[in-house]
Every structure is written in structure tokens, then in C-alpha cells.
Amino acid sequence: MAQRTPLIAGNWKMFKTGPEAADTAGRLRSLVADIVDVDVMVAPQFAALCSVAEALKGSRIALGAQDVFWEKQGAYTGEVSAPMLKAAGCTHIIVGHSERRQYFSETNETVNKKVKAVFEEGLVPVMCIGESEAQREAGKTFSVIEEQLERGLDGVDHAGLERFILAYEPVWAIGTGKTATSDQAQEVHRFIREWVEKAAGNSIANSLRILYGGSVKPENIAGLMAMDDIDGALVGGASLDADSFAGIVRPCSAGSA
Ligand code: PEP
């Protein structure tokens, strides 16, 4: 099995002012300073990016954004482009989060345009996919995931998938306290990896990191990470507190007891 470095990514959603986010980032930085075999990323809201970039300067913690617009610049009031996020210090950009799909009319087509814009800038897209509760109950989980992959990645050079990150986030598990069981998550992660293998070949499929997201906490991370195809987590609520975030990062390190 390929050795994939775990990645724990925090999505801070629309929480924390710049100073608050910088404070949490600084505390997280100290708490995980000794961990070198787990990648860590935080995605604060846009207005906090520069303060957090400053707080993380010289650390191993990567900076991510929660969304992006696909044009580079122009008369698009309220939007932020990939080159702008790169200049602010971002290396990763979350695309297609279910809250954006649900509340801001994000579709597989807009996700696709954003993924391409992120790639073009040399940044890493963290593309979120996942089924709703109704879709799972109707037995449509795999067809929904397949469609999100096909349409989200349409026209994307498969060689580029090497530096791609996918996040499987069942919508029914986000912010609800309901976590998919490790077996439920593994089943979908396996399906995703097999899809990538068919599309881009064995080597890319083996090196691709697939994160699980949905009510991940210090208490359930070890069980999830024990699964063959789960390579880390995209964490919302439990990433807002530095101690709890560090409590998710630490068990992913080979050095943890
Ligand atoms: C998320 O925002 O991507 C997420 C998974 O949130 P939570 O951990 O709060 O469920």
C-alpha cells in the first residue's frame, strides 16, 4: 500500500475574526510543533487569511481558503480569485463544500470551473463530495459520488490529480454530531479510489489523499484513520478549538502512543 502522509484540515467556516483566528492558529502551531509526520492545514474566513498567514509563518501548517471564484480578476463584486488567495499565502483551496452547494447554489459545473482555476494557479484543490441523507436512504450514495467526481473533474488533466485532495463528506454527518461509521466511510473511500484508478491509473490512485469529513473529533479519529483508504480528515466544529484540533492531529502521528 502506498504511504500517504495524513492530512488534517480545519475548516473554520464563518467563525473567528482575524485576531481570534490568528490566536487559535498560534496556539495550534505550538501544540503540534513536534509532529512532523502529519500535514495540517487551516482554512479561516477570507478576512482572516493575512493575519493567520502571519501567525503561521515558518511553521509546517498550511493555509487554505474556503472557496474561490474562477475568474482571475474583474467586475465580480464580493468574489476572490485564486491568484489573490495565493498572494495572501494560501496553498490549498476548499472547493464544493456542501454548505456552498446547499446555501450558495454551488453545482458540479461551478465546482469544476473552480477546480480548474485552482489548478491553473498551482494550488491544491480540496474538492468536497458527499451524499445527502435522502440520497443515502434511497441507495444512491455511489451514483451521487460518481456524478460529482465525473462532473467536478471533467476536463481536468488526470496527471494533475497527483496534487489533488478529495474530501468525502456525507452531508448528513456535517455539523450534526452524526459520524459515518469507519466502515461506512471506508466503503465510500474505496469506491472513490477505485474510480480514480480507472480514470487516472494505479499510481495516482495510490498516492491520492482522500479525507473524511463529518463530525470528526479527537474521540473518533483513530477509528477512521485505521481504515485503509482514509488519509486524514476535513474538520469543522472540532477544529475551532486549538486543543481539540491538536487532539485530532496527534493520534494520526506514528509517534503517538
Ligand atoms: C466541515 O465543515 O467540512 C465539517 C466536516 O464540519 P463538522 O466537522 O463540524 O461536521
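These numbers come from a predicted model, not from an experiment.

Caption draft 1: Main features of the nonpolar core. Among the nonpolar cores identified, the biggest contains 70 residues, and Ile8, Ile192 and Val196 are the most heavily contacted of them. In terms of residue count, the dominant contributor to this core is helix α8 (residues 182-200) (seven residues). Setting aside residues up to four positions removed in sequence, isoleucine 192 forms contacts with Ile129, Ile145, Leu149, Leu166, Tyr168 and Ile210. Leu7, Ala43, Ala62 and Val126 belong to the second largest nonpolar core, which has 13 residues in total.

Caption draft 2: Here's a closer look at the packing of helix α5 (residues 108-120) against helix α7 (residues 141-152). Where α5 meets α7, the closest approach of the two axes is 8 Å, and the angle between their N-to-C directions is 45 degrees. With respect to their mutual orientation, α5 and α7 come out oblique. You can see that α5 and α7 cross each other, and the crossing is right-handed. Residues Asn108, Glu109, Val111, Asn112 and Val115 of α5 form the contact with α7, whose participating residues are Glu147, Gln148, Arg151 and Gly152. Here the contact of α5 with α7 is composed, by residue class, of two nonpolar, four polar and three charged.

Caption draft 3: Spotlight on the site of the ligand. Neighbouring the ligand are 14 residues; Lys13, Glu169, Gly175, Ser215 and Gly236 lie closest to it. Take histidine 97: an N or O atom from its side chain is 2.8 Å from an oxygen atom of the ligand. Here an oxygen atom of the ligand and a backbone polar atom of glycine 236 are 2.8 Å apart. Look at the ligand: alone it shows 290 Å² of surface, and the protein chains cover 96% of it.

Rules and cut-offs
Residues numbered from 1 in each chain as written. Predicted model: local features only at pLDDT ≥ 70, side-chain atom pairs only at ≥ 80, totals over all residues. Heavy atoms only, no water. Core = buried A, V, L, I, M, F, W, Y, C linked by side-chain atoms within 4.5 Å. Buried < 20%, exposed > 50% of the residue type's maximum accessible area, 1.4 Å probe, protein only. Helix = DSSP H or I, 4+ residues; strand = E, 2+ residues; numbered from the N terminus. Contact = heavy atoms within 4.5 Å. Axes fitted to C-alpha atoms, helices over the stretch in contact; angles between N-to-C directions. Parallel < 35°, antiparallel > 145°, perpendicular 65-115°, else oblique. Left-handed = near helix turned anticlockwise from the far one by under 90°. Nonpolar A, V, L, I, M, F, W, Y, C, P; charged D, E, K, R; others polar. Near = heavy atom within 4 Å. Polar contact = N/O pair within 3.5 Å; in protein donor to acceptor, adjacent residues only side chain to side chain. Areas by Shrake-Rupley, 256 points an atom, 1.4 Å probe, with all protein chains shown as cover.

By themselves, these figures tell us nothing about what the structure is for.
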